[in-house]
Amino acid sequence: MRVLDLLAELEEVVEKGNTLPFSSKALVNPEEVIEIIDEIRDSLPEELAEAKKIVAERKKIIFAAQSEADHIKAEAEKRLRELIDTNEITKTATANANEIMRNANTSAKALKTGTQNYADKLLYSFQIQLKELNDQIEQNRRELKNMK
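Residues numbered from 1 in each chain as written. Predicted model: local features only at pLDDT ≥ 70, side-chain atom pairs only at ≥ 80, totals over all residues. Heavy atoms only, no water.

1. Some points on the overall build of the protein
Line of reasoning, step 1. Secondary structure summary: the protein contains two helices and two strands in total.
Line of reasoning, step 2. In sequence order, the protein lays out its α and β elements as α-β-β-α.
Line of reasoning, step 3. Taken over C-alpha atoms, the radius of gyration comes to 55 Å for the protein, far larger than the 15 Å a tight globule of 148 residues would show.
Line of reasoning, step 4. Contacts in the protein between residues far apart in sequence, at least 24 positions, make up 50% of those at least 6 positions apart.
Line of reasoning, step 5. Approximately 13300 Å² of the protein is accessible, and the part contributed by carbon and sulfur atoms is 59%.
Line of reasoning, step 6. Here the protein carries 23 positive and 28 negative side-chain charges, and the mean point of each set is 24 Å from the other. (Helix = DSSP H or I, 4+ residues; strand = E, 2+ residues; numbered from the N terminus. Rg over C-alpha atoms; globule rule 2.2 N^0.38 Å. Contact = heavy atoms within 4.5 Å. Areas by Shrake-Rupley, 256 points an atom, 1.4 Å probe, with all protein chains shown as cover. Lys, Arg positive; Asp, Glu negative; His and termini not counted. Charge placed at Lys NZ, Arg CZ, Asp CG, Glu CD.)

Next up, the structure:
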């Protein structure tokens, strides 16, 4: 920065100045000091404007970074809610599927038991009819033998 260089030069002028005897005061060339001060004055507005630009740019960058961070955070929260909702839907669907399977198994067992009972009754009925038919055949055979 030009101002810092000029201030260092001004400091050097003061340090090189002749000191007064029995005093800490120094004699310096006023023209030289005034010339350096004028250069500082000329340089300040330019460097202040540049510093203001840097500060404004810094603010823009910070604002953009904050906006991006807010956006990323919002997207992450949205995705988290979606995952939670999906997880809840999955849990509900799994619970429903398990209930349907239990009901289906219960119905299948009841149907199997009912079918077995029905088949057993039919077979028993056929057995009775066959026994009666067998008894009738036996009786007919006996009668047939007795007819001779």
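2. Quick word on a nonpolar patch on the surface
Line of reasoning, step 1. Nonpolar side chains collect at one region of the surface, where Tyr 118, Leu 122, Leu 123, Phe 126, Leu 130, Leu 133 and Ile 137 lie side by side and expose about 730 Å² of accessible area between them.
Line of reasoning, step 2. Along the chain, Leu 123 turns up in helix 2 (residues 30-146). (Patch = residues over 30% accessible without salt bridge, like charges linked within 9 Å, V, L, I, M, F, W, Y side chains within 5 Å. Salt bridge = Lys/Arg side-chain N within 4 Å of Asp/Glu carboxyl O.)

3. Considering the nonpolar core
Line of reasoning, step 1. The biggest cluster of nonpolar side chains holds seven residues, and these are Val 3, Leu 6, Leu 10, Val 13, Val 33, Ile 36 and Ile 40.
Line of reasoning, step 2. Mapped by element, the contributors of at least two residues to this core are helix 1 (2-16) and helix 2.
Line of reasoning, step 3. With four residues, the single largest contributor to this core is helix 1.
Line of reasoning, step 4. Setting aside chain neighbours within four positions, we find Leu 10 in contact with Val 33, Ile 36 and Ile 37. (Core = buried A, V, L, I, M, F, W, Y, C linked by side-chain atoms within 4.5 Å. Buried < 20%, exposed > 50% of the residue type's maximum accessible area, 1.4 Å probe, protein only.)

4. Structural notes on a negative patch on the surface
Line of reasoning, step 1. A surface patch of negative charge is lined by Asp 5, Glu 9, Glu 31, Glu 32 and Glu 35.
Line of reasoning, step 2. Among the elements of the structure, helix 1 and helix 2 are those that each provide at least two residues to the negative patch.
Line of reasoning, step 3. If one sorts the elements of the negative patch by residue count, helix 2 sits on top with three residues.
Line of reasoning, step 4. Tracing the backbone through its elements, the reader meets Glu 35 in helix 2.

5. Some words on the environment of Ile 62
Line of reasoning, step 1. Its location among the elements puts Ile 62 in helix 2.
Line of reasoning, step 2. For the pair Ile 62 and Glu 32, spaced 30 residues apart in sequence, the C-alpha to C-alpha distance is 44 Å.

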